[in-house]
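Examination of the molecular architecture
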Amino acid sequence: MSLITRTPVLWALFVLMVLCAFAFQYFSPAVGGQYLDMLDEPVVIREAFAAMTPEQKSAHFWVTVLVDTAFPISFGLLFAGLAWRFFGKLGQVAAVPGFAVLIVDLTENTIQALALSGAADALDAKAWVTPLKMGLFYLAAAIALVALGIAVFRMVTKKKT
């Protein structure tokens, strides 16, 4: 686990996260402008899914499998690594939301990929998976921001001595 707390790894995860965010913007027109990832109401999900052309479903499938697999890995490990590194003895506990959001997001991606490929329809599960993902994301991001604050505080106080 100490690997994800190293400075070069944290920077690499940050860069990967930013690249994935840009990739979502780039591929947005190909999926019809609406990603299923942000929808959690079953009726709205089904309407958006039904409105997609086969080409949009295919594009959304590949964005989900490629970009939206790398994205939660990058931010989940980044958030967990920052918490682990800067929260001292509480680091392991503070890192849990980062690991949890990674797992929940990948679960959501699996649900979407199965539906988009036509293999299985479990889209109704997004009614609880997506809000759980978003809650964990915000919690892990807040913890990571506090960790960055701790890091900045340590750098500033170290320079003064």
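Structural notes, computed from the coordinates.

**Re the layout of surface pockets**
Reported here for the largest pocket is a volume of approximately 510 Å³. Taken together, 18 residues make up the lining of the largest pocket; nearest its centre are L10, W11, L78, L82 and L148. A per-element tally of the lining of the largest pocket places helix 5 (residues 126-160) first, with 8 residues. The class makeup of the residues in the lining of the largest pocket is 15 nonpolar, 1 polar and 2 charged. Approximately 380 Å³ is the volume found for the second largest pocket. Of all the elements in the fold, those that place two or more residues in the lining of the second largest pocket are helix 1 (7-27), helix 3 (54-86) and helix 5. In terms of residue class, the lining of the second largest pocket is built from 8 nonpolar, 4 polar and 4 charged.

**Here we look at the side chain of T64**
With respect to the helices, strands and loops of the structure, T64 is situated in helix 3. There is a polar contact of 2.8 Å between the side chain of T64 and the backbone oxygen of H60.

**Here's the deal with the packing of aromatic side chains**
Overall, the coordinates contain 11 aromatic pairs when judged by the stated rule. Look at F24 and Y35: their rings are 5.4 Å apart centre to centre, the planes differ by 80°, and that puts the pair in the edge-to-face class. Here Y35 lies in the loop between helix 1 and helix 2 (42-51) and F24 lies in helix 1, a separation of 11 residues in the sequence. For the pair formed by F24 and Y35, the shared burial category is buried. Pairing F71 with F75 gives two aromatic rings, centres 4.9 Å apart and planes at 80°, and the pair type is edge-to-face. Remark: F75 and F71 occur in helix 3; sequence separation between them is 4 residues, near one turn of the helix. Taken individually, F71 and F75 each receive the classification buried, so the pair is uniform in this respect. Of the aromatic side chains, those joined through ring pairs into one cluster are F24, Y35, F71, F75, F79, F137 and Y138.

So, how was this worked out
- Residues numbered from 1 in each chain as written.
- Predicted model: local features only at pLDDT ≥ 70, side-chain atom pairs only at ≥ 80, totals over all residues.
- Heavy atoms only, no water.
- 1 Å grid on protein atoms, 1.4 Å probe; cavity = no way out; pocket = protein on both sides within 12 Å on 5 of 7 lines; lining within 4 Å.
- Points joined across faces, edges and corners; volume = space filled by probe spheres on them.
- Helix = DSSP H or I, 4+ residues; strand = E, 2+ residues; numbered from the N terminus.
- Nonpolar A, V, L, I, M, F, W, Y, C, P; charged D, E, K, R; others polar.
- Polar contact = N/O pair within 3.5 Å; in protein donor to acceptor, adjacent residues only side chain to side chain.
- Phe/Tyr/Trp six-rings, centres within 6.5 Å; stacked < 30°, edge-to-face > 60°.
- Buried < 20%, exposed > 50% of the residue type's maximum accessible area, 1.4 Å probe, protein only.

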